[in-house]
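Coordinate inspection notes
Residues per chain are reported as follows:
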Amino acid sequence: MQESNQSLFQTNESEKDLEGMHSDRQMAQQSTNLELLMTLGMMHVQQEQWKPALNCYQQALELHPNNEQVQLQLAVVLERLGEKDAAIEHYFQALSLNSTLFSVADLYRFAAVLQQGEQYDRALSCYQWALQQQQTPDIYRKIAELLANQAQYELAVSYYQQAIDLEPSWQDYHNLGYTLSKLEQWETAAQAYRQATQLNPTFPWSHNNLGDMLVQLQQWDDAIQAYQQAIAIDSKFHWAYCNLGELYAKQGDLEKAISHHRQSILMRGWQEVTIKSYCFKNDWFTHNIPTWKEHLLPLANHELNTLEIGSYEGMATCWLLDYVLTHQAARITCIDLNFQENFDINIQRTGVSHKVTKIPGNSHEILPTLTPESFDLIYVDGCHLADHTRHDAFLSWKLLKLGGLMIFDDYEWSDPNCPGQDPKIGFDVFLDSVKFQFEILHKGYQMIVKKILEN
Ligand SMILES: C[S@@+](CC[C@H](N)C(=O)[O-])C[C@H]1O[C@@H](n2cnc3c(N)ncnc32)[C@H](O)[C@@H]1O
């Protein structure tokens, strides 16, 4: 038999012609169908017959999924029908096909909707499309803010800089400073904050944050001046008092450290700090007071058995004794590898030192010796390395009663000197291992969970 050199899948010329004619006819028919469906859809829309209109546009979409008008009209009708999520999806598809379908103002509004729905990448696309239509400082700023919120700091810096190039503003310099600080570019961050203070000398946060950068650069005197400037602008600006306290402690001036911390703590409403003359040279606690008030004050005047891992100078211990462990039978056990001298003095000054059991030593050795399921509240604030937070959390969970609360400190904190060892990493591994045994009461800088199932 003669071998054919024609592939099985090859068609001869006349077959090709036939096919072409056939597909032309199909296309012609499809586009007529599209026009018909779109016209029909529009007529239904004009008569506010949303369901039939939807039907037309859905059929049109099946024929032409990449037609921007089909996507757009479908979105409009879905919005009218109250199907918000589907409408958003089709608006976005329409814009992806042709971003000029929306004016800059509409792109802004749509981006805000997407941001509300936590669709940050899509919101970013909307601002990028807006930027293609108009290059205003505000659009650069919006993109920079979104990028910074998504921890894309390097890109965010370039957008802030473009906003500043078009129109220098103190807010952009301030935010640029913050973004550069996230990249640990202390010198350029300090410069940005300086620019912010020059353009608007009355915003205490720019002076305060400039102080933070100068601390990083070990320019102590300038840092003190910057913090003092923040206080001169706003005498109730407790953050600057607190930062000065930390700075004086670093310099070994404990008297000044203690007095500045007292001022800052007093401003946060913890009156006992002066009434009882507590001595704290560091303050890693009072920024949590609003969260603790919300979740722990309802537990006051109950027979609470509490455990604190990492007590240092006893700041959280004293606050708990003053505000939460107020029942005469309430107790707290404090574990620390290295209690500070001030701990005993402060506990004495609470006036209820009989409620406190102090156990010096390594939490990993002490925790297994404590009675299982005996604590109502556990505060995990010892070593912050991920391996330790995981282990502390795991051992403590066994000690927590059903219905008890556990607080993880510095959940969102990151130590640039210990990459891969953020406390969150350890806490999350632990939480994953007890997935169905807890309910989250608070998730932010700290995390508070309630035990809802037995071990
Ligand atoms: C951030 S401080 C605690 C602050 C304290 N909760 C307060 O309210 O001010 C952390 C403490 O954990 C202690 N620590 C670190 N590793 C530890 C370990 N393995 N066992 C027990 N304590 C530890 C440190 O000595 C330090 O005092």
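Up top is the structure these notes are about.
Residues numbered from 1 in each chain as written. Predicted model: local features only at pLDDT ≥ 70, side-chain atom pairs only at ≥ 80, totals over all residues.

**A short note on the overall build of the protein chain**
To keep it simple, the criterion reads: Going along the chain from the N terminus, every DSSP run of H or I of four or more residues is numbered as a helix, and every run of E of two or more is numbered as a strand. Put simply, the radius of gyration uses C-alpha atoms, and a globule should come to 2.2 Å times the residue count raised to 0.38. To sort residues by exposure, count the other C-beta atoms lying within 10 Å of each residue's C-beta; 20 or more gives buried, 12 or fewer gives exposed, and values between give partly exposed, all with C-beta atoms placed from the backbone. C-beta atoms are placed from the backbone for every residue, and two residues are taken to be in contact when these atoms lie within 7 Å.
In terms of regular secondary structure, the protein chain is built from 21 helices and 7 strands. In terms of overall dimensions, the protein chain is more spread out than a globule: its C-alpha atoms have a radius of gyration of 31 Å, far above the 23 Å expected for 455 residues. Projected onto its principal axes, the C-alpha positions of the protein chain cover 100 × 60 × 60 Å. Counting the 455 residues in the protein chain, one finds 40% classified as buried. Put simply, 54% of the contacts in the protein chain that link residues at least 6 apart link residues at least 24 apart.

**A few points about the site of the ligand**
Going by this rule: Only the C-beta atom matters for this test: placed from the backbone, it must lie within 6 Å of a molecule or strand for the residue to be near it. Polar here means any residue outside two lists: the nonpolar Ala, Val, Leu, Ile, Met, Phe, Trp, Tyr, Cys and Pro, and the charged Asp, Glu, Lys and Arg; Gly therefore counts as polar.
Surveying the vicinity of the ligand reveals 17 residues, the closest of which are Gly310, Tyr312, Ala316, Ser363 and Cys383. Broken down by secondary-structure element, the contributors of at least two residues to the shell around the ligand are α17 (315-323) and β2 (331-336). When the residues that make up the shell around the ligand are grouped by side-chain class, the tally is 8 nonpolar, 6 polar and 3 charged.

**Considering the pairing of β2**
Side-chain direction in a regular strand flips from residue to residue, so the side chains alternate between the two faces of the sheet. Quick note on the threshold: Whether two strands pair comes down to DSSP finding at least two bridges between them. If you view a crossover with the strands going away from you and the path from the first strand over the helix to the second runs clockwise, you call it right-handed.
Within β2, 5 of the 6 residues are buried, which leaves it mostly tucked inside the rest of the structure. With 5 bridges joining them, strand β1 (residues 305-309) and β2 adopt parallel strand pairing. Across the sheet, Leu307 pairs through a bridge with Thr333, a residue of β2. Each parallel crossover has a hand, and the one from β1 via α17 to β2 is right-handed. Inspection of the sheet shows β2 paired to strand β3 (residues 356-360) by 5 bridges, in the parallel sense. Bridge pairing in β3 links Ile332 to Val356. Since β2 and β3 lie parallel, the crossover through helix α18 (residues 341-350) that links them has a hand, and here it is right-handed.

**Some details on the nonpolar core**
Applied cut-off: The term nonpolar core refers to a set of buried Ala, Val, Leu, Ile, Met, Phe, Trp, Tyr and Cys residues connected through C-beta atoms within 7 Å.
Cys126, Tyr127, Ile143, Ala144 and Ile378 are the most contacted members of the largest nonpolar core, which totals 115 residues. Not counting chain neighbours up to four residues away, the residues in contact with Ala144 comprise Ala156, Tyr159, Tyr160 and Ala163.

**Quick word on the packing of helix α7 (residues 137-149) against helix α8 (residues 153-166)**
Axis angle and axis distance: for two packed helices, these are the angle between their axes and the distance between the axes, and together they describe the pair. For the record, the criterion: Note on method: axes are straight lines fitted to C-alpha atoms, helices fitted across the in-contact stretch only, with angles between N-to-C directions ranging 0 to 180 degrees. Working rule for angles: under 35 degrees goes down as roughly parallel, over 145 as roughly antiparallel, 65 to 115 as roughly perpendicular, anything else as oblique. Handedness of each helix crossing follows the sense of rotation of the near helix against the far helix: counterclockwise by less than a right angle gives left-handed, clockwise gives right-handed.
The contact between α7 and α8 brings their axes to 8 Å, and the two run at 160°. Taken together, the axes of α7 and α8 are roughly antiparallel relative to one another. Handedness of the crossing formed by α7 with α8: left-handed. Contacts between α7 and α8 involve Pro137, Tyr140, Arg141, Ile143, Ala144, Leu147 and Ala148 on the former and, on the latter, Tyr153, Leu155, Ala156, Tyr159, Tyr160, Gln162, Ala163 and Leu166. Residue composition of the contact of α7 with α8, by class: 13 nonpolar, 1 polar and 1 charged.

**What to know about α8**
Side chains three or four residues apart in an α-helix point the same way, a direct result of the helix having 3.6 residues per turn. Defined as follows: In a helix, the anticipated span is given by 1.5 Å times the number of residues less one.
Taking 1.5 Å per residue, 14 residues should reach 20 Å; α8 reaches 20 Å between its end C-alpha atoms and fits that length. All of the buried residues along α8 are Ala156, Val157, Tyr159, Tyr160, Ala163 and Ile164. Lining the buried residues of α8 we find α7 and α9 (170-182).

**Some details on the environment of Trp397**
Positionally, Trp397 belongs in helix α20 (residues 386-399). Separated by 354 residues in sequence, Trp397 and Met43 have C-alpha atoms that sit 64 Å apart. Not counting chain neighbours up to four residues away, the residues in contact with Trp397 comprise Val434 and Asn455.

**Details of the pairing of strand β7 (residues 447-451)**
Burial analysis of β7 places 4 of its 5 residues in the buried class, which makes it a mostly covered element. Bridge analysis of strand β5 (residues 400-408) against β7 gives 4 bridges, and the strand direction is antiparallel. From the neighbouring strand, Leu405 faces β7, where its bridge partner is Lys450. In the sheet, strand β6 (residues 438-443) pairs with β7 via 5 bridges, with the strands oriented antiparallel. Each residue of the ladder has a partner; that of Phe438, found in β7, is Lys451.

**Comments concerning the sheet that holds β1**
The strand order β3-β2-β1-β4-β5-β7-β6 describes an open sheet built from 7 strands, whose pairing is mixed. Bordering the open sheet on either side are β3 and β6, each of which pairs with just one other strand. Strand-to-strand, the axes of this sheet are offset by a mean angle of 15°, without reference to chain direction.

**Things to note about helix α21 (residues 423-433)**
Quick reminder of the rule: In this description, one arc is meant: the one made by directions from the helix axis to the C-beta atoms.
What α21 keeps buried is the set Pro423, Gly426, Phe427, Phe430 and Leu431. Buried positions in α21, seen along its axis, are confined to an arc of 135° and lie on one side of it. Those residues of α21 that are exposed and aimed more than 90 degrees away from the buried face are Asp432 and Ser433. Those residues of α21 hidden inside the fold are in contact with α20, β5 and β7.

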